[in-house]
Amino acid sequence: DSSMLIGVSSYEFYIELKKGSAQQPDIPTNSLLAGRKLWMVEPNPTYQAALRNMLPDLDVTSHEITTYQNAISALKQGESAEFIILAVTAKAFTSETVAQELEDIIQYASIPVLVLLGSSDQDVMNHITDLGAARCLSKPIRPGILAQAINDILLSDSETGTGKYAEPAPSHPADWLSGTRILVADDNDINRKLMRNVLGNYAATVICTEDGAQAVEAVRDMPIDIALIDIHMPNLNGLEAVAQIRQIPEAKTLPLIAMTADAMGRNRAEIENSGFDTFLIKPIEEEDLLSVIAKFLFKEDGGPEGFKSSAQKAFLSRRQLPVYDRPQAMRITGNSPRIATTMLNQLVESLEDSMEEIARLVEEKDWKALWQNIHKLQGAAAICAVPALSASLNRLQVAVQNKNAEITAQELKETNSEMQRLIQYHAELD
């Protein structure tokens, strides 16, 4: 009851501990961070303050950005730094809008992006790195871990000679396409993201559509300065879309540029006899893209010569072509190792499934569906700088177009061989 006394006992004991060695410094002594300029994109004021307190110890200069939209706008306007720390909570990332904003920042940035995620969910972290982030770490994060991560990323870039500090100077100023509205119509998601990134680096406003019908509607609904239109798309192919666009009064003189991975004579003739002004062959290298834009928008001389080099490369011996052409990948992506790696990863991850479906259609001799599947895969391969596989797919596509079962079987075998070479090459990169 309440009158009972509660006894309290106390104990003493002694243990002997060895003195530990001096604590290692958290921040790497060979740090590449000193003097670096970085962006800190963190909407949460509390965590922003925590990061703000860490960064002076790392000897970096930071520019704080409090919304993802502000970061996107700054990138579109050509502003940049040497590194971006991009923070997000796990709950915010479940929002489709926030997820898209983060993807836009990663895609528009031509510099490394380190994402700090308020979660340790490995699937989510892997998804973020698949989008092109240099690394994704859980927050809260210790200063030493943050410093080491940035240091490792910058060191990796500088050692390989592919980072920002090894890139050539841009051929045009960062605001070269400011105020220019460019339509990109392509059913290939990777190519849309690539074009948006490359053109966004020069402050262009890029409007992307996934099929021909959407392209026509975009031209009807808004002012467009130049349009880049893929030939093979659903819901109106490129040729059909252009025929309709030319019927729009405001688009009579709109520069229309065809994009295609096909270097076949019949395809070339169709483009030249259509409403297109000129054409570009995938993989489209940055300088060729900028050259054709300069020619039609700014009346500058020059421009790509169309099919010449691509058609010749398509029919070189497969063994004369590299499995992966890294210099070409840099030209395609505007010297962005991060984007090039992301594109290659996405291609390799889907390659076996795509080839299994193609093999099934070969067995069924479904020539129409077979051609469409090969063309889709060829479009992805073309912009990923994998010349040997692209050449094999070109040959396979010709055999299917001619409905030649014997040669199709032979070319399928060769293409599967090139697929395995690429998969092995990719595995050795890791």
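These numbers were taken from a predicted model, which means no experiment stands behind them.

Visitor: In this structure, what is going on with the sheet that holds strand S2 (residues 61-65)? I would like to understand it.
Guide: Within a sheet, adjacent strands bond to each other through the backbone by hydrogen bonds, running parallel or antiparallel. Strand order in this open sheet of 5 strands is S2-S1-S3-S4-S5, and the pairing throughout is parallel. The open sheet has two edge strands with one neighbour each: S2 and strand S5 (135-138). Recorded for the sheet is a direction-independent mean angle of 20 degrees between the axes of neighbouring strands. Direction of pairing for strand S3 (residues 83-89) relative to strand S4 (residues 113-118): parallel, over a ladder of 6 bridges. Each residue of the ladder has a partner; that of Ile84, found in S4, is Val113. Across the sheet, helix H2 (residues 68-76) touches strand S1 (37-41), S2 and S3, and the angle it forms with S1 is around 145 degrees.

Visitor: How should the packing of aromatic side chains be read in this particular structure?
Guide: The way to describe two aromatic rings as a pair is by their centre distance and the angle between their planes. If you walk through the whole model with that rule in mind, you get 3 aromatic pairs. Between Trp176 and Tyr202, the ring centres sit 6.2 Å apart and the planes meet at 80 degrees, which makes this aromatic pair edge-to-face. Linking Trp176 in the loop between helix H6 (143-160) and strand S6 (181-185) with Tyr202 in the loop between helix H7 (189-200) and strand S7 (205-209), this pair joins segments that are 26 residues apart in sequence. Ring geometry for Trp176 and Phe298: centres 5.3 Å apart, planes at 45 degrees, overall tilted. Of the two residues, Trp176 is situated in the loop between H6 and S6 and Phe298 in helix H11 (residues 286-298); the sequence distance between them amounts to 122 residues. Judged by relative accessible area, Trp176 falls into the buried class, the value being 14%. Residue classification places Phe298 among the partly exposed residues on the basis of a relative accessible area of 37%. A network of ring pairs unites the aromatic residues Trp176, Tyr202 and Phe298 as a single cluster. Note that Lys139 overlies the ring of Tyr47, its terminal NZ or CZ placed 4.5 Å from the centroid.

Visitor: I tried to follow helix H14 (residues 337-364) on my own but got confused; where do I start?
Guide: One full turn of an α-helix is made of 3.6 residues, so residues set three or four places apart face in the same direction. A rise of 1.5 Å per residue sets the reference length of H14, with its 28 residues, at 40 Å; its end C-alpha atoms lie 40 Å apart and thus fit the reference within 8%. At Leu351, H14 shows its maximal kink, close to 45 degrees. Following H14 by one or two positions, Lys365 adopts a phi angle in the positive range, close to 55 degrees.

Visitor: Which parts of the structure should I look at to understand the pattern of salt bridges?
Guide: Taken as a whole and judged by the stated rule, the model has 15 salt bridges. Across the pair Arg360 and Glu357 runs a salt bridge, and its minimum N-O distance is 2.6 Å. Of this pair, Arg360 and Glu357 both sit in helix H14, 3 residues apart, roughly one helical turn. Exposure remark for Glu357: the relative accessible area of 28% places this residue in the partly exposed category. Taking the shortest distance from any N to any O, the salt bridge between Glu364 and Arg360 comes out at 2.7 Å. A residue pair is termed a helical-turn pair when its members lie 3 or 4 positions apart in one helix, as Glu364 and Arg360 do in helix H14 at 4 residues.

Visitor: Hey, could you run me through the environment of Arg220 in this one?
Guide: By secondary structure assignment, the location of Arg220 is in helix H8 (residues 212-221). Along the backbone, Arg220 and Ile245 are 25 residues apart, and their C-alpha atoms lie at a distance of 8.1 Å. Setting aside residues no more than four positions away along its own chain, Arg220 makes contact with Gln244 and Ile248. Within the local environment of Arg220, its side chain forms a polar contact with the side chain of Glu217, the two groups lying 3.0 Å apart.

Visitor: What exactly am I supposed to notice about the sheet that holds strand S8 (residues 226-230) here?
Guide: Here 5 strands make up an open sheet; going across it, the order is S7-S6-S8-S9-S10 and the pairing parallel. The outermost strands of the open sheet, each flanked by one partner alone, are S7 and strand S10 (278-281). Put simply, the sheet's adjacent strands are angled 20 degrees from each other on average, direction ignored. With 4 bridges joining them, S8 and strand S9 (residues 256-260) adopt parallel strand pairing. Bridging from a neighbouring strand, Ile229 pairs with Ala258 of S9.

Visitor: How should the packing of helix H16 (residues 387-401) against helix H17 (residues 405-429) be read in this particular structure?
Guide: For any two helices packed against each other, the geometry comes down to the angle between their axes and how far apart the axes lie. Two elements in contact, H16 and H17, have axes whose closest approach is 9 Å; the angle formed by their N-to-C orientations is 165 degrees. What the angle tells us is that H16 and H17 run roughly antiparallel. Where H16 crosses over H17, the handedness of that crossing is left-handed. From H16, Ala388, Leu389, Ser392, Leu393, Arg395, Leu396, Ala399 and Val400 reach across to H17, where they touch Ile407, Thr408, Glu411, Leu412, Glu414, Thr415, Glu418, Met419, Arg421 and Leu422. Among the residues making up the contact of H16 with H17, the classes are represented as 10 nonpolar, 3 polar and 5 charged.

The rules behind each value
Residues numbered from 1 in each chain as written. Predicted model: local features only at pLDDT ≥ 70, side-chain atom pairs only at ≥ 80, totals over all residues. Heavy atoms only, no water. Pairing = 2+ DSSP bridges. Helix = DSSP H or I, 4+ residues; strand = E, 2+ residues; numbered from the N terminus. Axes fitted to C-alpha atoms, helices over the stretch in contact; angles between N-to-C directions. Contact = heavy atoms within 4.5 Å. Phe/Tyr/Trp six-rings, centres within 6.5 Å; stacked < 30°, edge-to-face > 60°. Buried < 20%, exposed > 50% of the residue type's maximum accessible area, 1.4 Å probe, protein only. Lys NZ or Arg CZ within 6 Å of the ring centre and 35° of its normal. Expected span 1.5 Å × (residues − 1). Bend = angle between axes of the 7 residues up to and from the residue. Salt bridge = Lys/Arg side-chain N within 4 Å of Asp/Glu carboxyl O. Polar contact = N/O pair within 3.5 Å; in protein donor to acceptor, adjacent residues only side chain to side chain. Parallel < 35°, antiparallel > 145°, perpendicular 65-115°, else oblique. Left-handed = near helix turned anticlockwise from the far one by under 90°. Nonpolar A, V, L, I, M, F, W, Y, C, P; charged D, E, K, R; others polar.

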